[in-house]
Amino acid sequence: MTATPQDDHQLPEPIRVLLAEDQGMMRGALALLLGMEADIEVVAQVAAGDEIVGAALAHHPDVALLDIELPGRSGLDAAAELRAQAPDCRVLILTTFGRPGYLRRAMEAGAAGFLVKDGPVEELAVSIRRVLAGETVIDPVLAAAALSAGPNPLTARECDALKASADGATVADIAAKLRLSESTVRNYLSSAIGKTGTRNRMEAMREARRQGWL
């Protein structure tokens, strides 16, 4: 009896994707559309930044697709921790806000790509495949804007002082939170105001956020 040859060809394993997006409708739509790609599988969905690393360690995604502005912690902070905790997971930032400062911070955090949400899902799927293949994928318009904008002029401590200024915090409140003297906090805020070309710390905070420095 002659054996019938068997087809040993097998389809490759799908690309495992973790999706972090706080807007439920957007998250569901992205998961549905990406799931229609034959080679992509959304294995985890989270709505908060502080859930990202735990989900990655539990589900072992190949690519983490992260929004930036998330409850709990930002996608940029989570990206930096993913680089340490799950180095085999490639990070692709997908955000509504194409700010040059965000792009620089994403690259510093180890992200492999940065895209804005107004692109077609087909382009997103291609980008997922490209970052998994070892490429870096960046929105070209945003890349040009980042180069022209230059680096973040604020120091880490100036950024901390501006962040702590939210919700009408007093200098005393900020000093207590950062464990600094009130005079030191005033110096940081004054410096930040000067560097952002604004009139007060609230304007400085808004401008820093607009630029993506915070």
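Please refer to the structure placed before this passage.
Structure report, in brief. (Residues numbered from 1 in each chain as written. Predicted model: local features only at pLDDT ≥ 70, side-chain atom pairs only at ≥ 80, totals over all residues. Heavy atoms only, no water.)

To continue, consider the sheet that holds strand E1 (residues 15–20). Strands belonging to one sheet form pairs held by backbone hydrogen bonds; the direction of such a pair is parallel or antiparallel. If you trace the 6 strands from one edge of the open sheet to the other, you get E2-E1-E3-E4-E5-E6, paired in parallel fashion. The open sheet is flanked by strand E2 (40–46) and strand E6 (137–138), the only strands paired with a single partner. In terms of strand pairing, strand E3 (residues 63–66) meets strand E4 (residues 90–95) through 4 bridges, oriented parallel. Residue pairing in the sheet places Leu65 in a bridge with Leu92 of E4. Helix H1 (residues 24–35) rests against E1, E2, E3 and E4 of the sheet, and its axis sits at about 165 degrees to E2. (Pairing = 2+ DSSP bridges. Helix = DSSP H or I, 4+ residues; strand = E, 2+ residues; numbered from the N terminus. Contact = heavy atoms within 4.5 Å. Axes fitted to C-alpha atoms, helices over the stretch in contact; angles between N-to-C directions.)

A few words on H1. A rise of 1.5 Å per residue sets the reference length of H1, with its 12 residues, at 16 Å; its end C-alpha atoms lie 16 Å apart and thus fit the reference within 8%. Considering only its buried residues, H1 is in contact with E1, E2, E3, E4 and helix H5 (121–132). (Expected span 1.5 Å × (residues − 1).)

The next thing to look at is the packing of helix H7 (residues 156–163) against helix H9 (residues 182–196). Between H7 and H9, the least distance of the axes is 9 Å, while the angle of their chain directions is 100 degrees. By the angle between their axes, H7 is roughly perpendicular relative to H9. Taking contact as the criterion, the partners of Arg157, Glu158, Ala161 and Leu162 in H7 are, on H9, Tyr188, Leu189, Ser191, Ala192 and Lys195. Residue composition of the contact of H7 with H9, grouped by class: 5 nonpolar, 1 polar and 3 charged. (Parallel < 35°, antiparallel > 145°, perpendicular 65-115°, else oblique. Nonpolar A, V, L, I, M, F, W, Y, C, P; charged D, E, K, R; others polar.)

A few words now on empty space enclosed by the protein. According to the stated counting rule, one finds 1 cavity of 30 Å³ or more in the structure shown. Its volume calculated, the largest cavity comes out at about 30 Å³. Around the largest cavity sit Leu19, Ala20, Glu21, Leu30, Leu65, Leu66, Asp67, Leu94 and Lys117, which together line it. Those elements that provide at least two residues to the lining of the largest cavity are E1 and E3. For the lining of the largest cavity, the class distribution of residues is 6 nonpolar, no polar and 3 charged. (1 Å grid on protein atoms, 1.4 Å probe; cavity = no way out; pocket = protein on both sides within 12 Å on 5 of 7 lines; lining within 4 Å. Points joined across faces, edges and corners; volume = space filled by probe spheres on them.)

Keep in mind that these numbers describe shape and distance, not what the molecule does.
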